[in-house]
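One-letter residues, chain by chain:
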Amino acid sequence: MPLALLLSRIRLPPAAMPSTRSASSARLVRASRADANPVVREVKRESSVSFDISKPESPSVKRKRVKRELEENGEHPVKQVVPDIEDFRYDKTKALTSSSKATPPLVKVEKKARVSAVIKVGAPENWEAVLRGIKNMRLSGQAPVDTKGCEKAGSLLPPKERRFAVLISTMMSSQTKDEVTHAAVERLSENGLLDPDAIVRTDEAMLANLIKPVGFYQRKAQFIKEASKICLERFGGDIPDSLNELLALRGVGPKMAHLVMSIAWKNTQGICVDTHVHRISNRLGWVFREGTKQKTTTPEQTRMYLEKWLPKDEWEPINPLLVGFGQTICTPLRPKCDMCGITNLCPSAFKESSSPNPKQKKTRSP
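What you are looking at is a predicted structure, and each value in this text was computed from that prediction instead of being measured. (Residues numbered from 1 in each chain as written. Predicted model: local features only at pLDDT ≥ 70, side-chain atom pairs only at ≥ 80, totals over all residues. Heavy atoms only, no water.)

## Focus: the overall build of the protein chain
A count of helical and extended segments in the protein chain gives 18 helices and zero strands. For the protein chain, restricting intrachain contacts to residue pairs at least 6 apart in sequence, the fraction spanning at least 24 positions comes to 59%. Accessible surface computed for the protein chain: about 25,100 Å², of which carbon and sulfur atoms make up 56%. (Helix = DSSP H or I, 4+ residues; strand = E, 2+ residues; numbered from the N terminus. Contact = heavy atoms within 4.5 Å. Areas by Shrake-Rupley, 256 points an atom, 1.4 Å probe, with all protein chains shown as cover.)

## Topic: the environment of Thr268
Here Thr268 lies in the loop between helix 15 (254-263) and helix 16 (275-283). Spatially, the C-alpha atom of Thr268 lies 7.4 Å from that of Trp315, the residues being 47 residues apart in sequence. The contact partners of Thr268, leaving out residues within four places of it in the chain, are Ser262, Lys312, Trp315 and Glu316. Within the structure, Thr268 has its side chain in polar contact with the side chain of Ser262 (distance 3.1 Å). (Polar contact = N/O pair within 3.5 Å; in protein donor to acceptor, adjacent residues only side chain to side chain.)

## Here's the deal with the nonpolar core
Residues Leu167, Met172 and Leu188 are the most contacted members of the largest nonpolar core, which totals 39 residues. Counting residues per element, the ones that place at least two in this core are helix 9 (159-172), helix 10 (178-190), helix 11 (196-200), helix 12 (204-211), helix 13 (217-235), helix 14 (243-247) and helix 15. Of the residues forming this core, the biggest block, seven residues, is contributed by helix 9. Other than its neighbours up to four places away in sequence, Leu188 contacts Ile168, Met172, Leu193, Leu194, Leu207, Leu210 and Ile211. Core analysis: the second largest hydrophobic core is formed by 30 residues, Trp127, Leu131, Ile134 and Leu321 among them. (Core = buried A, V, L, I, M, F, W, Y, C linked by side-chain atoms within 4.5 Å. Buried < 20%, exposed > 50% of the residue type's maximum accessible area, 1.4 Å probe, protein only.)

## Here's the deal with the packing of aromatic side chains
Summed over all chains, the structure comprises three aromatic pairs. Ring centres of Trp127 and Trp309 lie 5.3 Å apart, and the angle between their planes is 70°; this geometry places the pair in the edge-to-face category. In this pair, Trp127 sits in helix 7 (residues 127-137) while Trp309 sits in helix 17 (residues 299-309), placing the two residues 182 residues apart along the sequence. Exposure class is identical for Trp127 and Trp309. Each is buried. Ring geometry for Trp286 against Trp309: centres 5.5 Å apart, planes inclined by 80°, an arrangement best described as edge-to-face. Taken as a pair, Trp286 in the loop between helix 16 and helix 17 and Trp309 in helix 17 lie far apart in primary sequence, 23 residues in all. Judged by its relative accessible area of 8%, Trp309 falls in the buried class. (Phe/Tyr/Trp six-rings, centres within 6.5 Å; stacked < 30°, edge-to-face > 60°.)

## Details of the layout of surface pockets
By volume, the largest pocket amounts to about 620 Å³. Lining of the largest pocket is provided by 26 residues; of these, Ser173, Thr176, Asp274, Thr275 and His276 occupy positions nearest its centre. Broken down by secondary-structure element, the contributors of at least two residues to the lining of the largest pocket are helix 8 (144-148), helix 10, helix 15, helix 16 and helix 18 (315-328). The dominant element in the lining of the largest pocket, judged by the number of residues it contributes, is helix 15, at four residues. (1 Å grid on protein atoms, 1.4 Å probe; cavity = no way out; pocket = protein on both sides within 12 Å on 5 of 7 lines; lining within 4 Å. Points joined across faces, edges and corners; volume = space filled by probe spheres on them.)

## Examining the pattern of salt bridges
Across all of its chains, the model carries eight salt bridges by this definition. For Arg163, the salt bridge goes to Asp238, with nearest N and O atoms at 2.8 Å. Linking Arg163 in helix 9 with Asp238 in the loop between helix 13 and helix 14, this pair joins segments that are 75 residues apart in sequence. Like Asp238, Arg163 is buried. With a shortest N-O distance of 2.8 Å, Arg283 and Glu352 are connected by a salt bridge. Taken together, the residues span a long stretch of sequence, with Arg283 in helix 16 and Glu352 in the segment after helix 18 at a distance of 69 residues. A relative accessible area of 6% places Arg283 in the buried class. When its relative accessible area of 33% is taken as the criterion, Glu352 is described as partly exposed. Put simply, Glu300, Arg303 and Glu307 are held in one network by salt bridges that share partners. (Salt bridge = Lys/Arg side-chain N within 4 Å of Asp/Glu carboxyl O.)

## So, the confidence of the model for the protein chain
Here the protein chain averages 79 in pLDDT, while 66% of its residues score no lower than 70. pLDDT under 50 marks residues 79-118. Its contacts with residues more than four places away, or in other chains, come to eight contacts. Note that pLDDT drops below 50 for residues 356-366; the model gives that stretch zero contacts with residues more than four away or on any other chain. (pLDDT = per-residue confidence, 0-100.)

## Let's talk about the packing of helix 7 against helix 18
Contact geometry of helix 7 with helix 18 gives a least axis separation of 10 Å together with a crossing angle of 65°. With respect to their mutual orientation, helix 7 and helix 18 come out roughly perpendicular. Judged by the sense of rotation from one axis to the other, the crossing of helix 7 with helix 18 is left-handed. Mapping the contact onto sequence places Leu131, Ile134, Lys135 and Met137 in helix 7 and Ile318, Leu321, Leu322 and Phe325 in helix 18. Among the residues making up the contact of helix 7 with helix 18, the classes are represented as seven nonpolar, no polar and one charged. (Axes fitted to C-alpha atoms, helices over the stretch in contact; angles between N-to-C directions. Parallel < 35°, antiparallel > 145°, perpendicular 65-115°, else oblique. Left-handed = near helix turned anticlockwise from the far one by under 90°. Nonpolar A, V, L, I, M, F, W, Y, C, P; charged D, E, K, R; others polar.)

Here is the structure:
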């Protein structure tokens, strides 16, 4: 078939050719525009790029946005392994919550305090030899405490009446010599006043006159009447049988309470430390203020330190032992070191020299 006849039979769709021409022309226009403005071409290709020059997102805002986009796409965000710097911010609420779950610090402090209270300190060097030496010097029993001490009060009375006599004698013994206290107890006994009911019914001025010249006799008469009334109302005429109840009585201190517990109730709970025990313990270097190597300043400090190292079976006899030693040899003024048998073990031996007699007149040279 001739070629001209074949071409005449082939017909193209009417819309194809114009569309082809329009598409070609559109491509030519876009190409020419792209060549003229390359920035526009780049923008068309990367439509997601933003030229916003405002303040950049903070890390927390960025995390929230990414998490939101992942949730919208149905994906679960992967947990971040390395924490962000903001995770380390101090949160007062969290801190209080976490601290409340821990063991309260007060419980630990209290536990330490209880443990430290029972810790024993080292006993002084040669203390046993010193104690044996003092006991040997006290064998004669010639000190006032041996015959007129508080433990001798009401020795011939029944147990209940004797305990009351011991309490009254101890209350009068403060800052008073044993001889003076013993004489006052004898006067009360002669007037039938070693009885709480009789004391309550006695005039306070009369009671003060009977115990005179005991130190501070007027105040002690008042305290004795108050204690007698308490013994009647709360203890059936007997005396308190506990350390705390004894200390609750006006005019009764730690030294007296420990002495009454040991003598009246045969229940030694602590060492009775009076002025003699306090003085001699410091002279022997047996006691120190806590945490120092300095002497104790009060009998109570001396008691607490002695109880840390002295065996408990020595707690009761140590008081009359050292009191008698202080009354006869280791006296407050001008101790008789030349008569003492433990000067080779005593750190204070011969250090307190005799003071000159101020009344002694100087002899004039001819």
